[in-house]
Amino acid sequence: MNDIKSAEILKNSQTVRAANHTGSAAQEKTVRLDIKGAYFSFGSHAVLRGVDLKLRAGEIFGLLGPNGAGKTTLMKAMCGRIKLDKGQIRVAGKDPRLDQHARRMVSYVPQDIAIFPYLTVIENLEIFGQISGLSRHHIAQSVQLMLQKASLENQAHKLCRTLSGGYQRRINICASILNNPIALILDEPTVGIDINAREEIHSLLHDLRDRGAAILIATHDLDQAQQLADRVGFMKNGKIWLEGEPKTLIQNYFGDEREIIMSFSSPPPDPGIELLKDVGFQPIQAPLVWIGRLENGHIDIQSLTDLLARSGMLVKEISIRSPDLTSLFMKMMSESVI
Amino acid sequence: MILAVFRVMLLGLLRDRAALAMAFALPPIIYVIFAAIFSVTAGGDLKLKIAVLDQVHSQTTQRLLKALAKSPDSRLSQTEPKTIKDIDDMVRKAEIDAGIVIRFDPTSLNAHQDAPILIVSDPARAIAAPIVTGRLLSVFNEYLPDIVYGRSIEDFESKFFKLLRPQREGVNQALESIKKEVEQKERQSQQYKSDKINQLVEQKNILIRNQASATVVYYAGAVGFMFLLFSLIQGAMSLIDERQNSIIDRMVSGIGSVGKILTGKFLFLVFQGIIQLSLIFFLAQFFYGVDVVGKWRECLFISIGATCCAASIGLVIAAFFKTRQQATIFSNFFVLVMSAIGGSMVPRFLMPSWLQEMSWFAPSAWVIESYNAALWQGAGLSDLALSISLLLIISVMGFIAAMLSLNHSIQN
């Protein structure tokens, strides 16, 4: 049943694949980065098993998936750092492994704060400008522009190690976009920072997208992906299984379903757990928080709580909400087809 | 790219006070300490502290005490011992290096079975006794030659035949005349030349182009290369930090490559190493008179070989180990063993022959011997070609190994 549904969703998602962030499915945009049938193995361990993906100009793509899904390897391949066993990667039509110009057009922002702590903000940006091959004249211009855009002017001459995590994250991104790359690949760009700093980084990325860059963000933060990404892809076991606009995917997968989330004050007894499973609930924060689905959007809450109370379970809180990317992610990760 | 890496290393070093001290302050300080020690122990400035107990109080022993006080080779203790026990205690407590007890008047040979002078020393400073003995004999030769000649004549008479009365009178007159001559010279602050007594042994020094002692020259290279290894390995470890926080990932994802990153780091480390060695040789030249300026070409080429070698060893270690802690433990072990075997701590000629042979496996030995050959023995570039080439070969091999190791770790 689930297998069939996943396959259906996969098929439906093809129709929205070309949608840009404005939501217009008809508007095709230039493909900046094109991956076709990518296979890669470490020894006998297959890491990429036929990945197909297109990143288009002016879109943010959220790459989602559990640890070990192959996201990092895919990102390395996009930057031309590993040689695929099979398949091809093209940046503006050229192989980044063989073409230095193509490699310069793709920038990578690592998950760690990959800047030099003993250097000032401006020195870091200058160094990474040099490393990305910019001329001295362009470095000076780009650095000033970046400092303005990322509101780093007042920090320009401070050592990076003395700045807050939020500033360091911003510098981390700025260091990769000095040379105006056509494709930007970010690995968990906002991990460990507060909401304000996160919003500023989102704004920086939106600005970059609006200037025509294709952006891929690998993240475990599904709220961020839903908020930021024009399209998302679910990756597991070396393959992207589902791809499309978040709203469309959720609609296609869940339709009018609603989710009911129940929190208990104390862990349910074994008979209670059996009962919860019988009525279609599954734990999301075991053993206190459980989630269930309402196919037609209606439920008799009173009857449900009475039933649970008779089994010795006291409900602390009940909430009903529309499914989101987290719901879809959990569902997809538990699907046997994946 | 290479320049960018060089600039990062330079700024990083300039802002890291501990690394700066390790690179440019500690090595010269250690060298100065070593040189101060060895310029004394290996040369004529070794002044042992002695105390003298005169149990005779004769005219001759007074002359001897006066002569010892004048001798520039020793320092007399301010504390005057009253008994032999006092001398023993002073030696035991290391208040003096050796004690001299004048038990009998040294003028006469026949009166006593034992030697008139006893030297008391501690086995922990075994070298003190022979040095004091030698210097005491030298004092006798220079300031009391009449006593030495007189004892020799008495010895001659006891072993061969007695001198006739007129002969004895002649000898006594001659001895008196020598004594007067010595006293006159002393009054004129001149040294008495007792050529005849010294004729048995004569010293000849080879070369020497340096005012400094051989040990001071030796330790310039020895200390220099040991600290070169320490500081360049530390410097190369920035690679581990950069790999851990993904800076290397970011660099190689653009137009950068492992080769360019390592080249930038290598060039900076060589630059740092040359400055570091220059500081030590500057001190050696201007404070200890080692002739570095006269051999600057040889020193420059040896220094290039040494820094290239140390830099590539540092890069291999940094590329191979995953954490700074692992690398630090290994590098400390490596540098200390290499330095001990290679002669940075103890000169190679003091090692047993099997260890001397083994030491050729340590780059330290090649570096130290090269500096020593250039600065002490006056070797030219052609004499040093083999050792410099060997250091450069190690450098190339190390660089390639670092590249392969870093490439492998980035790929995985």
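Residues numbered from 1 in each chain as written. Chains lettered and ligands numbered in written order. Predicted model: local features only at pLDDT ≥ 70, side-chain atom pairs only at ≥ 80, totals over all residues. Heavy atoms only, no water.

1. Brief notes about the sheet that holds strand S10 (residues 258-264) of chain A
Residue and element names in this part refer to chain A.
Piece 1. Strand order across the open sheet formed by four strands is S11-S12-S10-S13, with antiparallel pairing between neighbours. At either margin of the open sheet sits one strand with a lone partner, and together these are strand S11 (282-285) and strand S13 (315-321). Each neighbouring strand pair of the sheet contributes to a mean axis angle of 30°, computed without reference to strand direction.
Piece 2. Where S10 meets strand S12 (residues 289-294), six bridges bridge the pair, whose relative direction is antiparallel. Note that in S12 the partner of Met262 across the bridge is Trp290. (Pairing = 2+ DSSP bridges. Helix = DSSP H or I, 4+ residues; strand = E, 2+ residues; numbered from the N terminus. Axes fitted to C-alpha atoms, helices over the stretch in contact; angles between N-to-C directions.)

2. Section: the sheet that holds strand S4 (residues 86-91) of chain A
All names here are of chain A.
Piece 1. Spatial strand order, S2-S1-S4: three strands in an open sheet with antiparallel pairing. With partners counted over all chains shown, the strands left at the sheet margins are strand S2 (45-56) and S4, one partner each. The sheet shows a mean angle of 15° between the axes of neighbouring strands, direction not considered.
Piece 2. Here strand S1 (residues 31-42) runs beside S2; their pairing, made up of nine bridges, is antiparallel.

3. Topic: the confidence of the model for chain B
Residue and element names in this part refer to chain B.
Piece 1. Averaged over chain B, the pLDDT score is 85; the fraction of residues at 70 or greater is 91%.
Piece 2. Per-element confidence in chain B is highest for helix H13 (residues 296-320), whose mean pLDDT is 95, and lowest for helix H8 (residues 195-198), whose mean pLDDT is 50.
Piece 3. Predicted complex metrics record ipTM = 0.71 and pTM = 0.71. (pLDDT = per-residue confidence, 0-100.)

4. Describing the interface of chain A and chain B
Piece 1. Across the boundary between the two partners, chain A contributes 31 residues, which contact 24 residues of chain B.
Piece 2. For the chain A and chain B pair, buried surface summed over both sides reaches about 2,500 Å², with 56% attributable to carbon and sulfur atoms.
Piece 3. Three residues, Arg81, Tyr118 and Ile131 of chain A, lead the burial of chain A against chain B; their summed loss comes to 26% of the area buried on that side.
Piece 4. Our count for the contact surface shared by chain A and chain B stands at three salt bridges.
Piece 5. With its nearest N and O atoms 2.5 Å apart, the salt bridge here joins Arg15 of chain B to Glu123 of chain A.
Piece 6. For the pair chain A and chain B, the number of links is eight residue pairs in polar contact (both at pLDDT 80 or more).
Piece 7. Those elements giving two or more residues to the side of chain A that touches chain B turn out to be helix H3 (100-104), strand S5 (106-109), helix H4 (121-131) and helix H6 (165-177) of chain A.
Piece 8. Counting residues per element, the side of chain A that touches chain B draws most heavily on H4 of chain A, at six residues. (Contact = heavy atoms within 4.5 Å. Buried area = accessible area lost by both parts, 1.4 Å probe. Salt bridge = Lys/Arg side-chain N within 4 Å of Asp/Glu carboxyl O. Polar contact = N/O pair within 3.5 Å; in protein donor to acceptor, adjacent residues only side chain to side chain.)

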